[in-house]
Amino acid sequence: MKDTPANRALHPVVTPQALFTDPDLIDHAYYADEKAVVLRDDVRAGLRKLIDAGIKVDCIVTSPPYYGQRDYGYDGQIGLEERPQQFIDNLVEVFQLCWEVLSDTGSLWINIGDTYWSGKGAHKSGEAKQGARRFGIRPQDRPGDGTWARPKQLLLIPHRLAIALQDAGWLVRNDNVWVKPNPVPDQVRDRCSISHEYVFHFTKSRWYYFDRLPVGRKQEKTGSVLPPLDTWDARTASGNGGKHRATFSHDLVRIPILASTPPDGIVLDPFNGSGTSMLFARARGFRSIGIDRSEDYCEHVADELKSLDSQLDLEP
């Protein structure tokens, strides 16, 4: 291959193992082994620890809290800001810290859903996820501001965030559409029922690591491999996240991790939750890091990582 920026990006230098297992980082970990580090911390504080440790990750796959959808019981938590602009500003701050952790040839993938303003009233569905979204007075139940925050307004949070990150220097590669064959029941009478979310793909520059072969579409006649489509049909996760009711789908992290993580690379989820990104990365031989404030979630992920190791050891 010619020595070009594009070709060099296909052979990135990953973080040395000695740095990944450095005691200065491991001492701060809730759980750590040769392939994984779980930090129990506020997302900003956890990312700063990684920056201070000199860690560079290759792929960030995450789903931050959606605006006004969950109350995780922490003061100052992201997702319960009074106004949606404050929510976006806080996420931009988090992802600018991710910029410092991400390698120059790395990718950032963000799954985020939207929110309607003034969705008042008790939900009619018995579905558990709907119940978790009703927790008293939510930000969107308060009086609006006459601009975005107006009754029945779809806030367009995903694309507002993407544009804000674009303005901050990120390069937007795709606004992939996640089509849900089993969406949460949407009890409405005057609009279409929502059955999709977005997974945005960001990079730091035009030259970055991406391997379409593990995730592409092989052409029978020619044997060539086309890239995956930007519409992904993936069922929502159910029953595998312990107490976490907003669990990532394994199908949703497959393309991001397999396409943008080089051999022995590091996958990071700064909003780790039930640890789907870490578990998928572990099963494929990658290293991984997760950050979460909840001790319950960190314990769940640690147990799942050890259980996965036992399963992998039993495979022929």
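We now turn to the structure provided with this report. Predicted model only: the values in this text are computed from it and were never measured. (Residues numbered from 1 in each chain as written. Predicted model: local features only at pLDDT ≥ 70, side-chain atom pairs only at ≥ 80, totals over all residues. Heavy atoms only, no water.)

1. A look at the overall build of the protein
The helix and strand tally for the protein stands at 10 helices and 11 strands. Of all 316 residues assigned to the protein, the portion counted as buried reaches 47%. Partitioning the intrachain contacts of the protein with sequence separation of at least 6 by distance along the chain shows that 72% fall at a separation of at least 24. Total accessible area on the protein stands at roughly 15500 Å², and carbon and sulfur atoms take up 49% of it. (Helix = DSSP H or I, 4+ residues; strand = E, 2+ residues; numbered from the N terminus. Buried < 20%, exposed > 50% of the residue type's maximum accessible area, 1.4 Å probe, protein only. Contact = heavy atoms within 4.5 Å. Areas by Shrake-Rupley, 256 points an atom, 1.4 Å probe, with all protein chains shown as cover.)

2. A word on the environment of D58
Position of D58 relative to the elements: it lies in strand β3 (residues 57–62). On the accessibility criterion, D58 (3% relative accessible area) is buried. Placed 48 residues apart in sequence, D58 and G106 show a C-alpha to C-alpha distance of 4.5 Å. Ignoring anything within four residues of it in the chain, the contact list for D58 reads V14, L102, S103, G106, S107, S260, P262, G265 and I266. One polar contact links the side chain of D58 to the main-chain amide nitrogen of I266, over a distance of 2.8 Å. (Polar contact = N/O pair within 3.5 Å; in protein donor to acceptor, adjacent residues only side chain to side chain.)

3. What to know about the sheet that holds strand β6 (residues 196–203)
Ordered in space as β1-β2-β11-β10-β3-β4-β6-β5-β9, the 9 strands form an open sheet in which the pairing is mixed. Every other strand in the sheet has two partners, leaving β1 (31–32) and β9 (231–233) as the edge strands with one partner each. Here helix α4 (residues 43–53) sits on the sheet in contact with β2 (36–40), β10 (266–269) and β11 (287–292), set at roughly 145° to β11. Across the sheet, helix α9 (residues 276–283) is in contact with β1, β2, β3, β10 and β11; its angle to β11 comes to roughly 170°. (Pairing = 2+ DSSP bridges. Axes fitted to C-alpha atoms, helices over the stretch in contact; angles between N-to-C directions.)

4. Here's the deal with the pattern of salt bridges
What the rule picks out here adds up to 12 salt bridges. In this structure, the salt-bridge partner of R40 is E295, at a minimum N-O distance of 3.6 Å. Within this pair, whereas R40 is found in strand β2, its partner E295 is found in helix α10 (residues 295–314), the two being separated by 255 residues in sequence. Look at R40 and you get partly exposed, because its relative accessible area is 42%. Residues joined in a network through salt bridges with shared partners are D33, R282 and D309. (Salt bridge = Lys/Arg side-chain N within 4 Å of Asp/Glu carboxyl O.)

5. Quick word on the packing of aromatic side chains
Scanning all chains against the criterion turns up 7 aromatic pairs. On the basis of an interplanar angle of 40° and a centroid distance of 5.3 Å, the ring pair of Y67 and F87 is categorised as tilted. Of this pair, Y67 sits in the loop between β3 and α5 (84–101) while F87 sits in helix α5; the two residues are 20 residues apart in sequence, bridging distant segments of the chain. F87 matches Y67 in its accessibility class, with the two residues each being buried. Chaining the aromatic ring pairs together yields one cluster made of W99, W170, Y198, F200 and F202. Note that R160 overlies the ring of W148, its terminal NZ or CZ placed 3.7 Å from the centroid. The ring of F280 carries the charged tip of R284 above its face, separated from the ring centre by 3.9 Å. (Phe/Tyr/Trp six-rings, centres within 6.5 Å; stacked < 30°, edge-to-face > 60°. Lys NZ or Arg CZ within 6 Å of the ring centre and 35° of its normal.)

6. Observations concerning the packing of α4 against α5
At a minimum axis separation of 9 Å, α4 and α5 run at an interaxial angle of 15°. Looking at the two axes, α4 sits roughly parallel to α5. Crossing hand, α4 versus α5: left-handed. Contacts from V43, R44, L47, R48, L50 and I51 in α4 reach N90, E93, V94, L97, C98, E100 and V101 in α5. (Parallel < 35°, antiparallel > 145°, perpendicular 65-115°, else oblique. Left-handed = near helix turned anticlockwise from the far one by under 90°.)

7. A look at α5
For α5, spanning 18 residues, the distance from its first C-alpha to its last is 26 Å, which sits close to the expected 26 Å at 1.5 Å a residue. Those residues of α5 that sit buried are P84, F87, I88, L91, V92, V94, F95, L97, C98 and V101. Next to the buried residues of α5 lie α4, β3, β4 (102–112), α7 (157–167) and β10. (Expected span 1.5 Å × (residues − 1).)

8. Points about the environment of T261
By the element assignment, T261 lies in the loop between α8 (250–260) and β10. A residue is classified by how much of its surface remains accessible, and T261, at 3% relative accessible area, is buried. Considering only alpha carbons, one finds T261 and A281, 20 residues apart in sequence, at a separation of 9.1 Å. Those residues within four positions of T261 in sequence are excluded, and the remaining contacts are C59, Y209, P256, I266, V267 and F286. Polar side-chain contacts of T261 include one of 2.8 Å to the backbone oxygen of I257.

Taken by themselves, the reported measurements are silent on function.
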